Amino acid sequence: GQSLEQPSEVTAVEGAIVQINCTYQTSGFYGLSWYQQHDGGAPTFLSYNALDGLEETGRFSSFLSRSDSYGYLLLQELQMKDSASYFCAVKGENAGNMLTFGGGTRLMVKP
Amino acid sequence: GAVVSQHPSWVICKSGTSVKIECRSLDFQATTMFWYRQFPKQSLMLMATSNEGSKATYEQGVEKDKFLINHASLTLSTLTVTSAHPEDSSFYICSASHRGDGLAYEQYFGPGTRLTVT
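What comes next is a walk through the structure.

Cut-off values and rules
- Residues numbered from 1 in each chain as written.
- Chains lettered and ligands numbered in written order.
- Predicted model: local features only at pLDDT ≥ 70, side-chain atom pairs only at ≥ 80, totals over all residues.
- Heavy atoms only, no water.
- Core = buried A, V, L, I, M, F, W, Y, C linked by side-chain atoms within 4.5 Å.
- Buried < 20%, exposed > 50% of the residue type's maximum accessible area, 1.4 Å probe, protein only.
- Contact = heavy atoms within 4.5 Å.
- Buried area = accessible area lost by both parts, 1.4 Å probe.
- Salt bridge = Lys/Arg side-chain N within 4 Å of Asp/Glu carboxyl O.
- Polar contact = N/O pair within 3.5 Å; in protein donor to acceptor, adjacent residues only side chain to side chain.
- Helix = DSSP H or I, 4+ residues; strand = E, 2+ residues; numbered from the N terminus.
- Nonpolar A, V, L, I, M, F, W, Y, C, P; charged D, E, K, R; others polar.
- Disulfide = S-S within 2.5 Å.
- Pairing = 2+ DSSP bridges.
- Axes fitted to C-alpha atoms, helices over the stretch in contact; angles between N-to-C directions.
- Phe/Tyr/Trp six-rings, centres within 6.5 Å; stacked < 30°, edge-to-face > 60°.
- Lys NZ or Arg CZ within 6 Å of the ring centre and 35° of its normal.

**Overview of the nonpolar core**
Move 1: Among the nonpolar cores identified, the biggest contains 25 residues, and B:Val4, B:Trp35, B:Phe67, B:Ile69, B:Leu79, B:Tyr92 and B:Leu115 are the most heavily contacted of them.
Move 2: Excluding its chain neighbours within four sequence positions, the residues that come into contact with B:Leu115 are B:Val11, B:Cys13, B:Val19, B:Val81, B:Asp88, B:Ser89, B:Ser90 and B:Tyr92.
Move 3: The next biggest cluster of nonpolar side chains, apart from the first, holds 22 residues, and it includes A:Val10, A:Leu32, A:Leu78 and A:Tyr86.

Listed below in structure tokens is the structure:
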């Protein structure tokens, strides 16, 4: 089976940098994804890491360490609109296109 | 590209009735679609994996006779909640992958359907 752990809530101020961690335990691992979901909305894809290292996409970056079963999402120059829930998700080997989601981290950005 | 729609966006029904939710991939063919359930401030719980032309694969604890899934074409999957009860009230979200080889890492989500059973 798969299990993922991430903090339930994080609070930060506008313009700051915040890191959301995700640790996982899986029977097989293919890659780690991150999704953003605003209240009442659909999850939207942010990033994917299959290999160790940092992937940067604008203000957002995602990091993976396969040996540590650990990844994080880094959000820079925080804006109010970044207030949302962020989910890490694991794609397991031989799982087809199925993803297993973490519990989600609710990010609150304050002025 | 990669747009997924859901209909209806919200529905209120009485206990004992059935409700059908449609999930469509608008600009791509979705070999696989997924149905999730989400309670307020909680994570996405996978209910079932829907494959075009075959029976859905249900997650443990999900009643297949209560949550009927049909994936009749490469662009449409439906979830029917039969004999709905108030505890079935939830946010139901579908997603789709556009690759059939199991190598897709991105899922495209529909906007969700909020079901309230009175």
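**Points about the interface of chain B and chain A**
Move 1: Contact residues are listed per partner, giving 24 residues for chain B and 20 residues for chain A.
Move 2: Across the interface of chain B and chain A, roughly 1700 Å² is buried in total on both sides, 60% from carbon and sulfur atoms.
Move 3: Run the count over chain B and chain A and you get zero salt bridges.
Move 4: Between the two partners, chain B and chain A, sit three residue pairs in polar contact (both at pLDDT 80 or more).
Move 5: Mapped onto the side of chain B that touches chain A, the elements with two or more residues apiece are strand S4 (32–38), strand S5 (45–51) and strand S9 (90–97) of chain B.
Move 6: Class assignment of the residues belonging to the side of chain B that touches chain A gives a composition of 11 nonpolar, nine polar and four charged.

**Section: the side chain of A:Ser62**
Move 1: Inspection of the secondary structure assignment puts A:Ser62 in strand S7 (residues 60–65).
Move 2: A polar contact is formed between the side chain of A:Ser62 and the side chain of A:Asn49, at a distance of 2.5 Å.

**Things to note about the state of the cysteines**
All names here are of chain B.
Move 1: Under the definition given, this model contains two disulfides over all chains.
Move 2: One disulfide bridge connects cysteine 23 with cysteine 94, the sulfur atoms lying 2.0 Å from each other. Taking the torsion about the S-S bond as the criterion, the cysteine 23 to cysteine 94 disulfide, at about 80 degrees, is right-handed. Here cysteine 23 is found in strand S3 (residues 19–25), whereas its partner cysteine 94 is found in strand S9, with 71 residues between them in sequence.
Move 3: A residue is classified by how much of its surface remains accessible, and cysteine 94, at 0% relative accessible area, is buried.
Move 4: Its sulfur unpaired, cysteine 13 is 18 Å from the next cysteine sulfur, which belongs to cysteine 94.

**A few points about the sheet that holds strand S8 (residues 70–75) of chain A**
Residues and elements named next belong to chain A.
Move 1: An order of S1-S3-S8-S7-S6 is seen for the five strands of this open sheet, with the pairing classed as antiparallel. Sheet topology places strand S1 (3–5) and strand S6 (53–57) at the edges, where each strand pairs with a single neighbour. Strand-to-strand twist in this sheet, taken as the mean axis angle between neighbours without regard to direction, amounts to 20 degrees.
Move 2: Bridging between strand S3 (residues 18–25) and S8 involves six bridges; their strand directions are antiparallel. Pairing of threonine 23 across the sheet is with tyrosine 70, part of S8.

**A short note on unusual backbone geometry**
Move 1: A cis amide bond links B:His7 with the next residue in sequence, B:Pro8, at an omega value of 0 degrees.
Move 2: Looking at the element boundaries, B:Pro8 is found in the loop between strand S1 (4–7) and strand S2 (10–13).
Move 3: The backbone phi angle of A:Ser69 is positive, close to 50 degrees, even though this residue is not glycine.
Move 4: If you trace the backbone, A:Ser69 turns up in the loop between S7 and S8.
Move 5: What makes A:Ser69 partly exposed here is its relative accessible area of 25%.
Move 6: Even without being a glycine, B:Ser83 presents a positive backbone phi close to 45 degrees.

**Considering the packing of aromatic side chains**
Move 1: Scanning the entire structure with this criterion turns up 13 aromatic pairs over all chains.
Move 2: With 5.6 Å between their ring centres and 40 degrees between their planes, B:Tyr36 and B:Phe109 make a pair best called tilted. Of this pair, B:Tyr36 sits in strand S4 while B:Phe109 sits in strand S10 (residues 108–109); the two residues are 73 residues apart in sequence, bridging distant segments of the chain. The burial state of B:Tyr36 is the same as that of B:Phe109; both residues are buried.
Move 3: Among the aromatic residues, ring-to-ring pairing joins A:Tyr35, A:Phe45, A:Phe87, A:Phe101, B:Tyr36 and B:Phe109 into one connected group.
Move 4: Sitting above the plane of the B:Phe67 ring, B:Lys66 keeps its charged end 5.9 Å from the centroid.

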